[in-house]
Amino acid sequence: MPSQPFFEQEKICPVCEKKFKVTRVRSSACVVIRRDTDFYIKYKDINPNYYSIWVCPHCHYAALDKKFSGPLSDGEKKRLAKTLALLHREEPDLSGIRDADKAFRAVELAVQTAQIIRASHASLASLYLMGAWFARDKGDKELEQKYLEQARDHYTSSYERETLHEKISDVRLMYIIGELNRRTGRLREAINWFSRVVRHPDIKREPEIERLARDQWELAREELHRCTVSSTDSPVPAEEEKAPAATGEKTEAGIPFSEPACRRTKTVYSFTLYRDQVEWLQKLSEDNAAIGKDAVLRALLDAVKEIAEPQLMVKKAASENEFKELISTILKHSTNS
Ligand SMILES: [Zn+2]
């Protein structure tokens, strides 16, 4: 009989010294569905990362499992006890099974603890990155961006000011700074970091990072090109399709590169459809006259992308019909579950 995926362990809080239970996950229960380029991993049912921050239910001291017991100096323990008591408020029950919301709250509490003890930029960066992953699971894009930006800034400060990078190699650290710049719309900085990664003397020791850096470098260049095209010589888009005015930094050419709109620039794309598909699309857009044909098609693509993408990433079809069957099965399964 297979063992249970979860088990409990008793821990002692290093701050208030009270006992409490943490939930742990057996690695055999975790199935990876996809990996993102910022090291996010999508799991099938159980996400072990949701349980990697332990939170004392008595005083709300929170830290990654590996760092939970310290080392904490007596001064840090006193400062934690005093400040956590001041900040104390009702918290959700973070013991037992956690969803993305609870996992995210655990990250917020771990960030709070890290700030009180003035933890390193590297520690804060890894917590913020984890928060961004959980915000992605929650489907909260705004929150995800906020956490990605914090992770970007703390990783950059760590690279510039800290000599010990907490088990992360220089190559990996530079890569993640590049990717976080790309994901937060700073495309020129991203390109600069990726080019430094592939020129690093240690790069051959980390072939996976080299491959990722080359792929993301190419992607960042394409994204920058699309931003440049859309803000200069492209056909003028419809009024509602214009990118919002730049609020962030500008390049020498005056091209904005820090607003999220750059990451989703619209482009004219030409392809052929069957006549009945065009008729169906026209019918749908007549029924939804407020948004138009293009918007209907985009919404359909986005919905399929959102529901079916994780599974489409691991399954391949050999023909158009097979691909249709694949998507139908995924969508049916998703509607039934
Ligand atoms: Zn405690």
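Everything discussed here concerns the structure shown above.
Novice: Teacher, can you tell me more about the overall build of the chain here?
Specialist: What the chain contains, in helices and strands, is ten helices and six strands. In the chain, which comprises 337 residues, the proportion classed as buried is 40%. For the chain, the share of sequence-separated contacts (at least 6 apart) that also reach a separation of at least 24 residues comes to 57%. Total accessible area on the chain is roughly 20,500 Å²; 52% of this is exposed by carbon and sulfur atoms.

Novice: Would you mind going over the pattern of salt bridges with me for this structure?
Specialist: Per the stated rule, a full pass over the model turns up 23 salt bridges. The shortest N-O distance in the salt bridge between K44 and D45 comes to 3.8 Å. On the basis of relative accessible area, D45 is assigned to the exposed category, the value being 65%. Ionic pairing is found between R182 and E223, a salt bridge with its closest N-O pair at 2.9 Å. Linking R182 in helix α5 (residues 170-183) with E223 in helix α7 (residues 207-231), this pair joins segments that are 41 residues apart in sequence. Judged by relative accessible area, which is 7%, R182 ranks as buried. Residue classification places E223 among the buried residues on the basis of a relative accessible area of 6%. Put simply, R34, D36, D38, R136, E144, E179, R182, R183 and E223 are held in one network by salt bridges that share partners.

Novice: How do you make sense of the coordination of the zinc ion when you look at a structure like this?
Specialist: Each angle at a metal carrying four tetrahedral donors should ideally be 109.5 degrees, and each at a metal carrying six octahedral donors should ideally be 90 or 180 degrees. Surrounding the zinc ion are the protein donor atoms C13 (SG), C16 (SG), C56 (SG) and C59 (SG), which sit 2.2 to 2.3 Å from the metal. One can describe the donor arrangement at the zinc ion as tetrahedral, given that its four donor atoms subtend angles of 105 to 119 degrees at the metal. Counting along the primary sequence, the residues that act as donors to the zinc ion give the motif C-x2-C-x39-C-x2-C. For the pair C56 and C59, a shared accessibility class is recorded, and that class is buried.

Novice: How should I be thinking about the side chain of S157 in this particular structure?
Specialist: When you line up the elements, S157 lands in helix α4 (residues 141-161). Setting aside chain neighbours within four positions, we find S157 in contact with H121 and E162.

Novice: What should I look at first to understand unusual backbone geometry in this one?
Specialist: The omega torsion of the bond from G70 to P71 falls at 15 degrees, within 30 degrees of zero and hence cis. Residue placement: P71 occurs in the loop between β6 (62-64) and α1 (74-87). The phi torsion at F39 lies on the positive side, around 70 degrees, for a residue other than glycine. Position of F39 among the secondary structure elements: in the loop between β3 (32-35) and β4 (41-43). We note that R118 has phi near 50 degrees; this positive angle belongs to a residue other than glycine. Relative to the helices and strands, R118 is located in the loop between α2 (100-116) and α3 (121-138). Of the residues examined, R118 reaches a relative accessible area of 65% and is grouped as exposed.

Novice: Can you help me understand the packing of aromatic side chains in this one?
Specialist: Each aromatic ring pair is characterised by the separation of its centres together with the angle its planes make. This structure, assessed with the given rule, holds ten aromatic pairs. Judged by centre distance (5.7 Å) and plane angle (50 degrees), the rings of F39 and Y175 are tilted. Of this pair, F39 sits in the loop between β3 and β4 while Y175 sits in helix α5, and the two are 136 residues apart along the sequence. The class of Y175 is buried, set by a relative accessible area of 0%. An aromatic cluster of three or more residues is present, and its members are F20, W54, Y61 and F68. The lysine or arginine in question, R172, covers the ring of F39, its NZ or CZ lying 4.2 Å from the ring centre.

Novice: Would you mind showing me how to read the pairing of β3 here?
Specialist: Within a regular strand, side chains alternate between the sheet's two faces. Sheet topology note: the β3/β4 ladder contains three bridges and is antiparallel. Across the sheet, the residue bridging to V32 is Y43, located in β4.

Novice: Just to check I follow, could you spell out the pairing of strand β1 (residues 6-12) for this structure?
Specialist: Note that β1 and strand β2 (residues 19-25) share seven bridges and pair antiparallel. Bridging from a neighbouring strand, E10 pairs with K21 of β2. The loop that links β1 with its antiparallel partner β2 comprises six residues; one of these, E17, has a positive phi angle of about 65 degrees.

Basis of the calculations
Residues numbered from 1 in each chain as written. Predicted model: local features only at pLDDT ≥ 70, side-chain atom pairs only at ≥ 80, totals over all residues. Heavy atoms only, no water. Helix = DSSP H or I, 4+ residues; strand = E, 2+ residues; numbered from the N terminus. Buried < 20%, exposed > 50% of the residue type's maximum accessible area, 1.4 Å probe, protein only. Contact = heavy atoms within 4.5 Å. Areas by Shrake-Rupley, 256 points an atom, 1.4 Å probe, with all protein chains shown as cover. Salt bridge = Lys/Arg side-chain N within 4 Å of Asp/Glu carboxyl O. Donors = N, O, S within 2.8 Å, 3.2 Å for Na, K, Ca; no water. Tetrahedral: all angles 85-135°; square planar, octahedral: opposite > 155°, others 65-115°. Phe/Tyr/Trp six-rings, centres within 6.5 Å; stacked < 30°, edge-to-face > 60°. Lys NZ or Arg CZ within 6 Å of the ring centre and 35° of its normal. Pairing = 2+ DSSP bridges.

Just distances and angles here, no functional claims.
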